[in-house]
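# Structural overview for review
Next come the chains, spelled out residue by residue.
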Amino acid sequence: MGTLNEWARSLKRQSLALYYAARDPRTPWYAKLIAAAIVAYALSPIDLIPDFIPVLGLLDDLLLLPAAIWIVVRLMPKGVLDDARERAEATLERPTSRTAAVVIVAIWIACAAALAWWAARWL
C-alpha cells in the first residue's frame, strides 16, 4: 500500500509540474492546451467517473490520467519541464480549478438531462 501512496503522490506532483509548464511562455500552444485540460481534470474535486463506482471509478485515476500525462510530457520542451518540476517540488500549495469543476458539473447535468429526456420519451 505504501508504494501505491507514493505513486499517487508522484502523480499529483507531476500534475502540478504540468500546471507550471503550461503557464510557461516557452511551451508550445498545443502542449499548453492539452496540459491545461489534464491539470484541470486532475486537480478538480469532481471526476467524470465518480470514484465510488466500483472499478470504473478508479480507471481514470489509474489508467487515463497517467497516459494523458505521459503524452503531454512527451510534447513539452525538456528545459521547461525540468524547471516546472523543480518549482512543483518547492511549492506546497495545490492550485484548484473552479472552471474545471464547473465544466465537469455541467457535463454531468447535461448527461442527467439527456438520460431523463430519453427515459421520459421511451418509458
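Our subject in this report is the structure included herewith. Please read all numbers here as calculations on a predicted model, not as lab measurements.

### Section: helix 4 (residues 78–90)
Along its 13 residues, helix 4 runs 19 Å from first to last C-alpha, staying within 8% of the 18 Å computed at 1.5 Å per residue. For helix 4, the set of buried residues is Val80, Leu81, Ala84 and Ala88. An end-on view of helix 4 places all buried positions within 90 degrees of arc, on one side of the element. Opposite the packed face of helix 4, turned more than 90 degrees from it, sit the exposed residues Lys78, Glu86, Glu89 and Ala90.

### Some points on helix 5 (residues 98–122)
Between its first and last C-alpha atoms helix 5 spans 36 Å; for 25 residues at 1.5 Å apiece the expected length is 36 Å, and the two agree. Among the residues of helix 5, Ala100, Ala101 and Ile104 are the ones counted as buried.

### Quick notes on the nonpolar core
Nonpolar side chains tend to gather and get buried jointly when the protein is soluble and globular. Membership of the largest hydrophobic core comes to 22 residues, with the highest contact counts inside it found for Leu18, Ala21, Leu65, Ile69, Val72 and Met76. Of all the secondary structure elements, the ones that give two or more residues to this core are helix 1 (2–22), helix 2 (29–43), helix 3 (56–75) and helix 4. The contacts of Leu18, once residues within four sequence positions are left out, are Ala35, Val39, Ile69, Val72, Val73, Met76 and Leu81.

So, how was this worked out
- Residues numbered from 1 in each chain as written.
- Predicted model: local features only at pLDDT ≥ 70, side-chain atom pairs only at ≥ 80, totals over all residues.
- Heavy atoms only, no water.
- Helix = DSSP H or I, 4+ residues; strand = E, 2+ residues; numbered from the N terminus.
- Expected span 1.5 Å × (residues − 1).
- Buried < 20%, exposed > 50% of the residue type's maximum accessible area, 1.4 Å probe, protein only.
- Arc of directions from axis to C-beta.
- Core = buried A, V, L, I, M, F, W, Y, C linked by side-chain atoms within 4.5 Å.
- Contact = heavy atoms within 4.5 Å.

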